[in-house]
Structure formats: structure tokens, C-alpha cells
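Working through the structure, step by step
Listed below, chain by chain, are the residues.
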Amino acid sequence: MTHSRTPFEDASTTMPPARDAALTPATQRSVEDLSHDIRRGTYDAKPPAVLAKRVAETLIQVVATADGRATLEEIIASVRAIGGSLAVLKREHLLVGNVARRVLRVIRDEGATSERGGGGGGGESGGGGGGAATKKLKKDVIDTAHEVIEEMETVSTNIASQSSDFVTNGCVVMTMGSNASAGTGLAEAFLRDANKKRSASEGGGGFSVVVAESAPRYDGHAMAKSLAERGVRDVSLICDSAVYATMPSVKLCVLSARGVLADGSALVDSGAYNIALAAKAHSVPVLMLAGSYAISPKTQKEAGFDRVYGFGSPSTALGYGERGADPDAVVINPSFEFVPAELISVFVTDHGAHCPGFINVLLSEMYSPLDSALLGV
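Residues numbered from 1 in each chain as written. Predicted model: local features only at pLDDT ≥ 70, side-chain atom pairs only at ≥ 80, totals over all residues. Heavy atoms only, no water.

**Let's talk about a nonpolar patch on the surface**
We count it as follows: Patch construction takes residues with relative accessible area above 30% that form no salt bridge. Like charges are linked within 9 Å, and nonpolar side chains (Val, Leu, Ile, Met, Phe, Trp, Tyr) are linked within 5 Å. To be clear on the numbers: accessible area is Shrake-Rupley with a 1.4 Å probe, and residue cover counts the displayed protein chains and nothing else. Should a side-chain nitrogen of Lys or Arg be within 4 Å of a carboxyl oxygen of Asp or Glu, the pair is scored as a salt bridge. Helix numbering and strand numbering both begin at the N terminus, where a helix is a DSSP run of H or I of at least 4 residues and a strand a DSSP run of E of at least 2. Only protein chains enter the accessibility calculation, which uses a 1.4 Å probe. A residue is then buried if its area is under 20% of the maximum for its type, exposed if over 50%, and partly exposed in between.
A cluster of nonpolar side chains, Phe 311, Val 330 and Ile 332, forms an exposed patch at the surface whose accessible area comes to about 300 Å². Among the structural elements, Val 330 can be located in the loop between β7 (286-289) and β8 (336-339). What makes Val 330 exposed here is its relative accessible area of 55%.

As C-alpha cells, this is what we get:
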């Protein structure tokens with residue numbers, strides 16, 4: 001059986017970020033530790049907000065330890081270089097590049113504010129305001145960036161709080177297990193919040209949840225168990241092949257996205273496309289849950305973007321040396337896939353609910369056009 005290397009593990013992803021002479025030793029260690037954890041897959045099964053916070057904190061450290069006489073351009077260049085090198089380590093983690101772009105937007109906005117206020121030293125041209133202006137710029141950037149981190153920490157809560165707008169008493173909701181550990185996924189938090197609100201209103205009525213098992217990892221088993229243990233009374237588990245047959249009785253599909261692209265399509269765990277297709281055939285609305293840090297200015301049409309498609313271990317689909325298996329078999333076990341915009345009814349984010357066509361507006365609010373490309377990613 002052949003265990004193939006994932007397509008995004010090229011030379012640029014297997015080496016640590018280049019050592020930056022402008023970084024302090026402590027900051028360099030922080031960057032290297034983060035890159036090591038990303039490559040090892042430490043965050044693969046954790047809530048996306050955990051990785052987003054770690055990336056933001058590391059980039060804030062880059063800003064905080066920058067030379068006291070660094071210009072705005074030099075600070076931006078340093079953050080772009082570190083953010084870009086982290087973003088290519090595992091391209092399916094789109095949020096790494098997105099968080100870097102968000103921090104860069106904060107730096108640019110604070111730099112522009114400093115220029116309008118006559119700070120001078122933080123200007124793009126590296127004017128003569130000296131160390132005092134740079135120190136003030138760094139303080140303002142750090143304060144604003146910490147507000148962004150606080151926003152990231154409440155993503156799941158803010159998305160879940162909108163559940164009552166979509167989930168009604170008596171409806172049947174279909175979802176699927178996610179790669180996040182049980183109890184931490186966006187879809188699970190959304191449904192638990194809906195159950196809490198519906199159980200406390202209108203005479204204690206509730207709704208039913210159908211969970212696709214998400215083979216071959218079978219994350220749906222853990223999710224169904226977690227929902228039942230947390231008070232959702234009617235939870236059913238089905239195999240992935242039964243999704244289409246079950247869809248006629250379903251009123252709403254709730255999925256979560258690993259990434260949202262500029263064209264309104266979503267990067268999802270394998271199995272979500274199957275649900276979205278069946279929902280389209282039966283005119284069932286599809287809610288796609290995504291934190292704002294998952295929204296990316298990238299599109300599938302860009303060169304090299306096919307490397308985002310990751311492959312899981314073949315052993316989860318076919319055990320090594322399993323009886324009856326051809327020893328020369330090549331096992332392809334895709335971990336991710338894309339759901340096109342036409343199969344998505346609404347994106348539910350921490351900034352509210354939006355149709356796929358509104359994603360470009362959100363992009364313009366969060367990122368600078370100058371930072372669309374980070375080291376070509």
C-alpha cells in the first residue's frame with residue numbers, strides 16, 4: 001500500500017521560516033515553535049480560534065519587539081514575511097494568512113492615523129519622527145490587535161447566538177461530524193445553543209438532529225454522542241450513503257467551513273459536499289458557519305491553489321496489511337473539498353448572516369488590498 005506525501009508538502013512547507021535578523025531571539029523562537037506546531041498538525045483537531053489566536057499573538061510579538069526606530073514600512077515588511085512563511089506551512093489552514101492580513105490592516109490603519117495626527121515616524125516613507133513616534137505606533141497597534149484577539153475568542157459564541165434565527169421548533173436539522181474534537185466545533189455549539197433556547201421557550205418544544213457519520217474518521221459518532229449528552233433529546237446517526245435518502249425529511253442543513261473564498265465557495269471537511277448536493281436537489285437551505293478569520297481573499301482559480309486539497313492517512317480508510325487488501329493498492333483519502341457558492345444559502349459569521357455574494361464586502365472591511373498576496377499565497 002502506498003502512503004503518498006500530501007501535495008502541499010513541498011520544499012517551502014517542510015523547512016522552517018527563514019531566520020530574520022531583525023527579530024529578537026525570543027521572538028524568533030516563538031515563530032519557530034509555532035511553525036513546528038503547525039507542521040506537526042498540533043492544531044488540526046483543535047478549534048480554529050485556538051490557532052488564530054496563537055498566530056495573532058506571535059505577530060503582535062513581532063511588532064512589539066521591532067527596533068525602536070523601525071519605520072512603518074519595515075514593520076509591515078517583517079509581519080508580511082513572517083505571516084507569509086507561516087501561511088505556506090499547511091495551506092489548508094487558510095486562517096493563518098487571514099490573521100496575518102488582519103494584523104497588517106491594523107498596522108496600516110494605525111500608521112495612517114499616526115500620519116494624520118502628525119506622528120511622522122510611522123509614515124510609509126519612514127519620516128523623521130524618531131523612536132518616540134515608532135513607540136507610540138507600536139503601542140496603538142498592539143492595543144488594537146488585542147481587541148482583534150478578543151473578537152476571535154468570542155467567534156463561536158457570537159455565531160451560536162444566532163441559532164434561534166434559523167432553527168425552529170419541530171424542524172429536522174442535518175449536520176456532520178467535524179475534525180474538531182467533540183464539544184468544540186462550530187456546528188455543535190450552534191445546535192446546542194439552539195436546543196437551549198428552544199427548550200426554554202414555547203412550552204419546551206425542541207427539534208431533531210441527524211448527524212452524518214463522516215467516514216472514514218467517523219467524527220459524526222463523537223458529535224452525536226456529545227449532543228445527546230448535552231441535552232439534545234432527538235439525535236440520529238446515519239451513514240454517509242444515507243444522506244440523500246434522508247434529505248426529504250430535513251428542513252435545514254448546518255455545516256461549518258474551514259475557509260471561505262472570495263467567490264463565496266467554502267473549504268470544508270470531506271463529506272460536506274455530499275450533503276450540500278443532496279440539499280440542493282431537495283431545496284433544503286444550507287447554513288455554512290464560519291468565523292471571520294476563515295474568510296480569505298484567495299480564489300480557486302489562482303495558480304497553485306490546488307495544493308490546498310489535503311489527504312489524510314491512508315490507514316484510516318484501509319488498514320495497513322488488512323486482510324484481503326492488495327499490498328500494492330494506492331489509497332487516496334481526501335481530507336478536504338470545496339462547496340461552491342451556488343450550494344450555500346447563507347454564511348453565518350461572527351459579523352452576522354450574509355449571502356455568498358456579500359463575502360467581497362467583508363473582505364474589503366477586514367483586509368487591505370495591498371496584502372492579498374503574502375509571499376505568493
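Text resumes after the structure shown.
**A few points about unusual backbone geometry**
Note that the residue after Ala 215, namely Pro 216, is joined by a cis bond; omega there is 5°. With respect to the helices, strands and loops of the structure, Pro 216 is situated in the loop between β2 (208-212) and α9 (219-229). You will see that Ser 214, though not glycine, has its phi angle at about 60°, which is positive. Locating Ser 214 in the fold gives a position in the loop between β2 and α9. For Ser 214, a relative accessible area of 4% gives the class buried. If you check the backbone angles, Ser 283 has positive phi at about 55° while not being a glycine. As for its position among the elements, Ser 283 is in the loop between α11 (272-281) and β7. Judged by its relative accessible area of 67%, Ser 283 falls in the exposed class.

**Focus: helix α8 (residues 186-199)**
Our working definition: One fewer than the residue count of a helix, multiplied by 1.5 Å, yields its expected span.
Taking 1.5 Å as the rise per residue, α8 with 14 residues should run 20 Å; its terminal C-alpha atoms sit 20 Å apart, in good agreement. Along α8, 10 of the 14 residues are buried, which leaves the element largely enclosed by surrounding structure. When α8 is considered as a whole, its buried residues turn out to be Leu 186, Ala 187, Glu 188, Ala 189, Phe 190, Leu 191, Asp 193, Ala 194, Asn 195 and Arg 198.

**A look at the sheet that holds strand β6 (residues 266-269)**
Defined as follows: The criterion for strand pairing is that DSSP finds at least two bridges linking the strands in question. The contact criterion used throughout is that any non-hydrogen atoms of two residues lie within 4.5 Å. The convention used is that axes are lines fitted to C-alpha atoms, helices contributing only their stretch in contact, and that angles between N-to-C directions extend from 0 to 180 degrees.
Strand order in the open sheet formed by three strands is β5-β6-β8, with antiparallel pairing between adjacent strands. At either margin of the open sheet sits one strand with a lone partner, and together these are β5 (259-260) and β8. Summarising the sheet, β6 and β8 pair through four bridges and their orientation is antiparallel. Directly across from Ala 266, in β8, lies its bridge partner Val 339. Lying on the sheet, α11 is in contact with β6 and β8; it crosses β8 at an angle near 25°.

**Details of the pattern of salt bridges**
Tallied over the full model, the rule gives 13 salt bridges. For the salt bridge of Asp 109 with Arg 105, the shortest nitrogen-to-oxygen distance reads 3.3 Å. With Asp 109 and Arg 105 both in helix α5 (residues 94-116) and four residues apart, the pair spans about one turn of that helix. With relative accessibility at 40%, the residue Asp 109 sits in the partly exposed group. Among the ionic pairs, Asp 140 bridges to Lys 136, the shortest N-O distance being 2.9 Å. Here Lys 136 and Asp 140 lie together in helix α6 (residues 130-153), a separation of four residues that amounts to about one turn. Connected through shared salt-bridge partners, Arg 80, Arg 108 and Asp 371 make up one network.

**Some thoughts on empty space enclosed by the protein**
How we decide: Cavities and pockets are found on a 1 Å grid laid over the protein atoms alone: a cavity is a set of points where a 1.4 Å probe fits but cannot escape, a pocket is an open set with protein on both sides within 12 Å along at least five of seven lines, and a lining residue has an atom within 4 Å of such a point. Grid points are joined across faces, edges and corners, and a volume is the space filled by probe spheres set on the points.
The final tally for this structure, using the stated rule, is one cavity of 30 Å³ or more. Approximately 40 Å³ is the volume found for the largest cavity. Ser 214, Ala 215, Pro 216, Arg 217, Ser 270, Asn 333 and Pro 334 are the residues that line the largest cavity.

**A closer look at the nonpolar core**
Operational definition: Note on terminology: a nonpolar core comprises buried Ala, Val, Leu, Ile, Met, Phe, Trp, Tyr and Cys residues joined through side-chain atoms within 4.5 Å.
Residues Ile 107 and Met 247 are the most contacted members of the largest nonpolar core, which totals 98 residues. If near-sequence neighbours (up to four positions away) are discounted, Met 247 is found in contact with Met 174, Cys 253, Ile 275, Ala 278, Ala 279, His 282 and Val 284.

**Here we look at the sheet that holds β7**
The mixed open sheet is built from seven strands, whose spatial order is β3-β2-β1-β4-β7-β9-β10. For this open sheet the edge positions go to β3 (234-238) and β10 (352-354), each flanked by a neighbour on one side alone. Shown here is a sheet whose adjacent strand axes are inclined to one another by a mean of 25°, direction ignored. Here strand β1 (residues 172-176) pairs with strand β4 (residues 252-256) via two bridges, running parallel. Bridging across to β4, Met 174 finds its partner in Cys 253. Each of β1, β2, β4, β7 and β9 (346-349) touches α8; the most contacted strand, β4, lies at about 135° to it.

**Here we look at the packing of helix α2 (residues 25-40) against helix α3 (residues 48-64)**
The criterion, for reference: Working definition: roughly parallel below 35 degrees, roughly antiparallel above 145 degrees, roughly perpendicular at 65 to 115 degrees, and oblique for all remaining angles. Each crossing gets its hand from how the near helix is turned against the far one by less than a right angle, where anticlockwise is left-handed and clockwise is right-handed. When residue character is reported, Ala, Val, Leu, Ile, Met, Phe, Trp, Tyr, Cys and Pro are called nonpolar, Asp, Glu, Lys and Arg charged, and the others, Gly included, polar.
Where α2 contacts α3, the axes come no closer than 9 Å and their chain directions differ by 160°. With respect to α3, the axis of α2 lies roughly antiparallel. Crossing angle aside, the handedness with which α2 passes α3 is left-handed. Of the residues in α3, those in contact with Ala 26, Thr 27, Ser 30, Val 31, Asp 33, Leu 34, Asp 37 and Ile 38 of α2 are Leu 51, Arg 54, Val 55, Thr 58, Gln 61 and Val 62. Considered class by class, the residues forming the contact of α2 with α3 number seven nonpolar, four polar and three charged.

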